[in-house]
Amino acid sequence: QKTGTSPKGYYLKNVYRTNTLTSYNAAHQQEQRDNKEMFPYLLYDGVDDSRQSEICKTLDGTVRRADDPFWNTYYPLNHYQCRSGVISMTAEEYKEQYGKVTRITKKVKELDLGDFSKSPLTTNYESKLKSKSKSWKQEQLSLEETIKGE
């Protein structure tokens, strides 16, 4: 089954994880925006292991102000199965550990994020899924059944 909707449900698990983490990251990003006076800097924190993508390797360690437009494009999730996060930092932590914001390199600007080129707060994934799938409700029900069966 090329669609990934086999009994093991890899496709459905991927969609579920992606949507769950997107919701979590949207709430996390909003919280960071609300607290930018106390935590004015953000650090892109990739999971440094053999499964880390080139996208996350490139962005890992990037430090920018919390209100920098950079985060409107590069706030995780930046691809399917993305495990990266963003850590808030006080001005003191920033000065002690970094001292200056990370320059946005050509390599970062050339990253192809595809459908993930917007922050979780500015993307309506549910409407995208509905527009791409006529049987959206069926997929959701099937996903719930797959998860219950694990």
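These figures come from a predicted structure and were not determined experimentally.

**Student:** So what's going on with the pattern of salt bridges? Which residues, and what values?
**Tutor:** Under the counting rule described, the total for this entry stands at five salt bridges. Notably, a salt bridge pairs Asp 49 with Arg 83, separated by 2.8 Å at the nearest N-O pair. Of this pair, Asp 49 sits in the loop between β1 (41-45) and α2 (54-59) while Arg 83 is found in the loop between α3 (70-74) and β3 (85-89), placing the two residues 34 residues apart along the sequence. Judged by relative accessible area, which is 32%, Arg 83 ranks as partly exposed. With a closest N to O distance of 3.6 Å, Glu 54 and Lys 57 form a salt bridge. You can see Glu 54 and its partner Lys 57 sitting in helix α2, three residues apart, about one turn around the helix.

**Student:** Account for the packing of aromatic side chains, naming residues and giving values.
**Tutor:** The final tally for this structure, using the stated rule, is five aromatic pairs. An angle of 85 degrees between the planes, with centres 4.8 Å apart, marks the rings of Phe 70 and Trp 71 as edge-to-face. Trp 71 sits in the buried class, given a relative accessible area of 1%. An aromatic cluster is defined as three or more aromatic residues linked by ring pairs; in this entry it consists of Phe 70, Trp 71, Tyr 74 and Tyr 75. Directly above the ring of Tyr 41 sits Arg 65, whose terminal nitrogen or CZ lies 5.2 Å from the centroid.

Definitions and cut-offs
- Residues numbered from 1 in each chain as written.
- Predicted model: local features only at pLDDT ≥ 70, side-chain atom pairs only at ≥ 80, totals over all residues.
- Heavy atoms only, no water.
- Salt bridge = Lys/Arg side-chain N within 4 Å of Asp/Glu carboxyl O.
- Helix = DSSP H or I, 4+ residues; strand = E, 2+ residues; numbered from the N terminus.
- Buried < 20%, exposed > 50% of the residue type's maximum accessible area, 1.4 Å probe, protein only.
- Phe/Tyr/Trp six-rings, centres within 6.5 Å; stacked < 30°, edge-to-face > 60°.
- Lys NZ or Arg CZ within 6 Å of the ring centre and 35° of its normal.

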